[in-house]
Amino acid sequence: MRWITLLFFFLAPALSHGVNINNPDAIKTAIDDPDSFSFFYIGHAYGAHNDGGGANKFVYPHPEIIRIIDQLKPYNFGAFGGDVVEICNKQSVEAFEEFLVKPLGLPLINSMGNHDNCMRKTYGFPEVQVFTKGKNTFLIINTDQRILDKKNIIWLRQQLDKFNQQPKAKRLFIFTHRPTFLLLDPKLKGATKYGNFA
């Protein structure tokens, strides 16, 4: 049986600073059994819009996130659906690393959100990324409309076709901030306004 899992949070290789984010080798090493592994998935880690955070928005509800994750252990790795910061600046990135990434102690995936743009330079996030482990394929794509272009959508279609043509491929995980069907269906073009977020 073949599985395709779309992992996104729709609201609104990098090894840097001593943390493993979007580092395929770290993820593959963490998956000791490619037929049986688990990971957590969190969207919008910085919290809700309009919570009055203002300039202090870089202080997140990370202790509560850590508590919930700890209750559901063990995991091989973790994944964020983008928007791990509200205001993309040095303070936000440091808070993300100090209060969320480091306590987790796991390799992580972050599918870039529209609030995470400065982190592309901090961590060297590529626009698109693909890697495999056993019969599993992992795709990461930056769906920020300021970054996403036609060549990346073509790349995504090619990767989906490639997966479908591999008889031994079993599971496909797509990590993205916005749902990929909004990218691939021209009839849905423009359906990414904030009022349409789900």
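Caption draft 1: How the structure looks around the nonpolar core. Core analysis: the biggest nonpolar cluster contains 21 residues, and F40, F80, F96, L100, L104 and M119 have the highest contact counts within it. Broken down by secondary-structure element, the contributors of at least two residues to this core are β4 (39-42), α2 (62-71), α3 (90-104) and α4 (119-123). The element best represented in this core is α3, accounting for five residues. Formed by 11 residues, the second largest nonpolar core is a distinct cluster that contains A79, F131, I140 and F173.

Caption draft 2: Expanded view of empty space enclosed by the protein. Considering only enclosed or pocket space, the largest cavity measures out at about 40 Å³ in volume. For the largest cavity, the full set of lining residues is N22, N110, S111, M112, P126, V128, Q129, I140, I141 and N142. Considering only residue class, the lining of the largest cavity consists of five nonpolar, five polar and no charged.

Caption draft 3: Layout of unusual backbone geometry. Between K73 and P74 the backbone carries a cis peptide bond, its omega angle lying at 5 degrees. Looking at the element boundaries, P74 is found in the loop between α2 and β5 (77-80). The phi angle at N22 is positive, at roughly 55 degrees, despite the residue not being glycine. Its location among the elements puts N22 in the loop between β3 (19-21) and α1 (24-30). What makes N22 buried here is its relative accessible area of 3%. Its identity is not glycine, yet D83 carries a phi of approximately 55 degrees, on the positive side. Counting through the fold element by element, D83 comes out in the loop between β5 and α3.

Caption draft 4: Layout of helix α5 (residues 150-164). Compared with an ideal rise of 1.5 Å per residue, which puts 15 residues at 21 Å, α5 spans 21 Å between its outermost C-alpha atoms and is within 8% of the ideal. Among all positions in α5, only N152, W155, L156, Q159, L160 and F163 are buried. Each buried residue of α5 lies within a common arc of 135 degrees when the element is viewed along its axis, so the set occupies one face. Among the exposed residues of α5, those pointing more than 90 degrees away from its buried face are K150 and K151.

Calculation criteria
- Residues numbered from 1 in each chain as written.
- Predicted model: local features only at pLDDT ≥ 70, side-chain atom pairs only at ≥ 80, totals over all residues.
- Heavy atoms only, no water.
- Core = buried A, V, L, I, M, F, W, Y, C linked by side-chain atoms within 4.5 Å.
- Buried < 20%, exposed > 50% of the residue type's maximum accessible area, 1.4 Å probe, protein only.
- Helix = DSSP H or I, 4+ residues; strand = E, 2+ residues; numbered from the N terminus.
- 1 Å grid on protein atoms, 1.4 Å probe; cavity = no way out; pocket = protein on both sides within 12 Å on 5 of 7 lines; lining within 4 Å.
- Points joined across faces, edges and corners; volume = space filled by probe spheres on them.
- Nonpolar A, V, L, I, M, F, W, Y, C, P; charged D, E, K, R; others polar.
- Expected span 1.5 Å × (residues − 1).
- Arc of directions from axis to C-beta.

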